[in-house]
Structure formats: structure tokens, C-alpha cells
Amino acid sequence: MTGGAIGVVQIAEGCLGSCRYCITRQARERLRSQPEDVISATVRMLVKQGAREVQLTAQDVASWGIDRGQCLRDLLSRLLDLPGSFRLRLGMMNPRTLLPIIDDLIPLLSHPKMYQFVHVPFQSGSDEILTAMDRRYTKE
Ligand code: SF4
């Protein structure tokens, strides 16, 4: 979390992946999502302090809530209802966890409080390489 025009909120730590090349999984361990109430209060406070852009970050933003029986759409819907003049920017999302929620997420990206921006690391256009990496999606 930072002050100023841009606020950064870490919405989760860890991930659900097991990518063979990645040390993060060992360092940060399994997904632990921040509670919705905590994130909402943090965003509200940042906006009150003058933030015009709020960046939601995590090792994999798309996985937020899976460990809590929730999904990213629930969180975004709540944050987009907060008062104030601000926009949300989504951090990196793994294709594996993004794909199951993408149909819910795309309409939210048209919201005036959302940046129409996604950061999706496909890593490779080769199914053979994706399998070797244990990314668990295909180039398709
Ligand atoms: S999903 Fe991301 S952080 Fe997790 S193991 Fe794979 S590359 Fe690492």
C-alpha cells in the first residue's frame, strides 16, 4: 500500500500453480486471499487519501478468493461500488485461473472505474513447452 495518486493493494499472497521453473511457489506458498472487507476498507482509505488509481496486485490476481469460496468478480463488484473518483487496475493474472472467470470479468472491464487493461503471461505458444512448464493450459 502506498500513498499519493497511485495506491497499491496486495489482495492475495501465494498461488495455486506449480510451474516447474518458478521459485515463487516455494517462497510464497499456497494461495491466501485477503478478506474482502479488509481490501474494501484499504481501497476506501487510499481513495480518501487522494488515490486516483488503485492497483490490485498478487502473484496471480485472477485466483483471488478461490481459497475463500469467492471469486474476483465478487471483489471487483464491491470495490466498483465504493464512492469517489478513482479507477482500478488489475495486476498479473495466470491464464489457468483467468479462463474460468473470463466471461464474468470482461463485462466489468467496461466499467468507467476500471482500466481496460490486463496483464496475462502466456509464457509460450507451444503446448509441449506449456506441458513441460506444468502451466495447465494450452496455446488455444
Ligand atoms: S502461477 Fe505464477 S507464481 Fe505461481 S508457480 Fe506459476 S509462475 Fe510461479
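Residues numbered from 1 in each chain as written. Predicted model: local features only at pLDDT ≥ 70, side-chain atom pairs only at ≥ 80, totals over all residues. Heavy atoms only, no water.

K.L.:
Is there a simple way to explain the layout of surface pockets in this structure?
P.N.:
Each pocket or cavity is described by its volume, and for the largest pocket that value is around 250 Å³. As for the largest pocket, its lining consists of 16 residues, of which C22, Q59, M92, N94 and R135 are closest to the centre. Considering only residue class, the lining of the largest pocket consists of 7 nonpolar, 6 polar and 3 charged. Computed from the structure, the second largest pocket encloses a volume of approximately 170 Å³. (1 Å grid on protein atoms, 1.4 Å probe; cavity = no way out; pocket = protein on both sides within 12 Å on 5 of 7 lines; lining within 4 Å. Points joined across faces, edges and corners; volume = space filled by probe spheres on them. Nonpolar A, V, L, I, M, F, W, Y, C, P; charged D, E, K, R; others polar.)

K.L.:
Help me understand the pattern of salt bridges, please; the structure alone is not making it clear to me.
P.N.:
Opposite charge on two side chains allows them to pair when their charged atoms are near. Evaluation of the coordinates by the stated rule reveals 7 salt bridges. When the shortest N-O distance is used, the salt bridge between R78 and D37 registers 2.7 Å. A residue pair is termed long-range when its members are at least 10 positions apart, and R78 in helix α3 (residues 72–80) and D37 in helix α2 (residues 36–48) qualify at 41 residues. Its relative accessible area of 31% is what places R78 among the partly exposed residues. A salt bridge links R73 to D74, with the shortest nitrogen-to-oxygen separation between them at 3.3 Å. Residue D74 is classed as partly exposed on the basis of its relative accessible area, which comes to 27%. Residues joined in a network through salt bridges with shared partners are E36, D37 and R78. (Salt bridge = Lys/Arg side-chain N within 4 Å of Asp/Glu carboxyl O. Helix = DSSP H or I, 4+ residues; strand = E, 2+ residues; numbered from the N terminus. Buried < 20%, exposed > 50% of the residue type's maximum accessible area, 1.4 Å probe, protein only.)

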